[in-house]
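Understanding the architecture of this molecule
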Amino acid sequence: MSSKKLYAPFVDGKRFLCSRCFSKLNPIEKYGSDETGLWFIASCAGCGAKMRWYRRADGNVDTPDEEQSEENAFSFHIENGEVLMTTEE
């Protein structure tokens, strides 16, 4: 396994983008499973950073539980090609 740092991708609906530069990801390079679940690795088409994400057994992306979000939390989404930050109330 390479020593290159792995990052979690930015997930906007069903799209996976680089969390460092918001470019598209290349096709999946490696995949497997560990104690956390099924994992996938793909590099960014723009900056080359490696992204790793997990999927649960039901096929959904493993994301933090929404009920655990704190007051004054924020999230990101893409609208008209721009990344926007919104606050959670």
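None of these values were measured; they are calculated from a predicted model.

Thoughts on the overall build of the protein
Within the protein one finds zero helices and eight strands. Each helix and strand of the protein, placed in order from N terminus to C terminus, yields the pattern β-β-β-β-β-β-β-β. For the protein, the residues scored as buried account for 25% of the 89 residues in total. Pairs at least 24 apart in sequence give 31% of the contacts found in the protein among residues at least 6 apart.

Observations regarding the packing of aromatic side chains
Taken as a whole and assessed by the stated rule, the structure comprises three aromatic pairs. Pairing Phe 10 with Phe 22 gives two aromatic rings, centres 5.4 Å apart and planes at 85 degrees, and the pair type is edge-to-face. Placement of Phe 10 in strand β2 (residues 10–12) and of Phe 22 in the loop between β3 (15–17) and β4 (30–34) is noted, with a sequence separation of 12 residues between them.

Some remarks on the nonpolar core
Core analysis: the largest hydrophobic core is formed by 10 residues, namely Phe 16, Cys 18, Leu 25, Phe 40, Ala 42, Cys 44, Ala 49, Met 51, Trp 53 and Val 61. Of all elements in the fold, only β5 (37–43) and β6 (50–55) reach the threshold of two or more residues within this core. If near-sequence neighbours (up to four positions away) are discounted, Trp 53 is found in contact with Pro 9, Phe 16, Leu 25, Ile 28, Leu 38, Trp 39, Phe 40 and Ala 42.

Looking at the side chain of Lys 50
Its place among the elements puts Lys 50 in strand β6. Among the polar contacts listed, one links the side chain of Lys 50 to the side chain of Glu 29, at a separation of 2.5 Å.

Describing the confidence of the model for the protein
When pLDDT is averaged along the protein, the result is 78; 70% of the residues meet or exceed 70. Strand β7 (residues 74–79) is the least confidently modelled element of the protein, averaging 67 in pLDDT, while strand β1 (residues 6–7) averages 92, the highest of any element. The model gives residues 64–71 a pLDDT under 50, and that stretch makes zero contacts with residues more than four places away or in other chains.

Some remarks on the state of the cysteines
Put plainly, two cysteines are in a disulfide when a covalent bond ties their sulfur atoms together. Following the criterion strictly, the structure yields zero disulfides and no others. Unpaired in terms of disulfides, Cys 44 finds its nearest cysteine sulfur in Cys 21, a separation of 3.5 Å. This cysteine, Cys 47, is not joined by any disulfide, and Cys 18 carries the nearest cysteine sulfur, 3.7 Å off.

Rules used in this analysis
Residues numbered from 1 in each chain as written. Predicted model: local features only at pLDDT ≥ 70, side-chain atom pairs only at ≥ 80, totals over all residues. Heavy atoms only, no water. Helix = DSSP H or I, 4+ residues; strand = E, 2+ residues; numbered from the N terminus. Buried < 20%, exposed > 50% of the residue type's maximum accessible area, 1.4 Å probe, protein only. Contact = heavy atoms within 4.5 Å. Phe/Tyr/Trp six-rings, centres within 6.5 Å; stacked < 30°, edge-to-face > 60°. Core = buried A, V, L, I, M, F, W, Y, C linked by side-chain atoms within 4.5 Å. Polar contact = N/O pair within 3.5 Å; in protein donor to acceptor, adjacent residues only side chain to side chain. pLDDT = per-residue confidence, 0-100. Disulfide = S-S within 2.5 Å.

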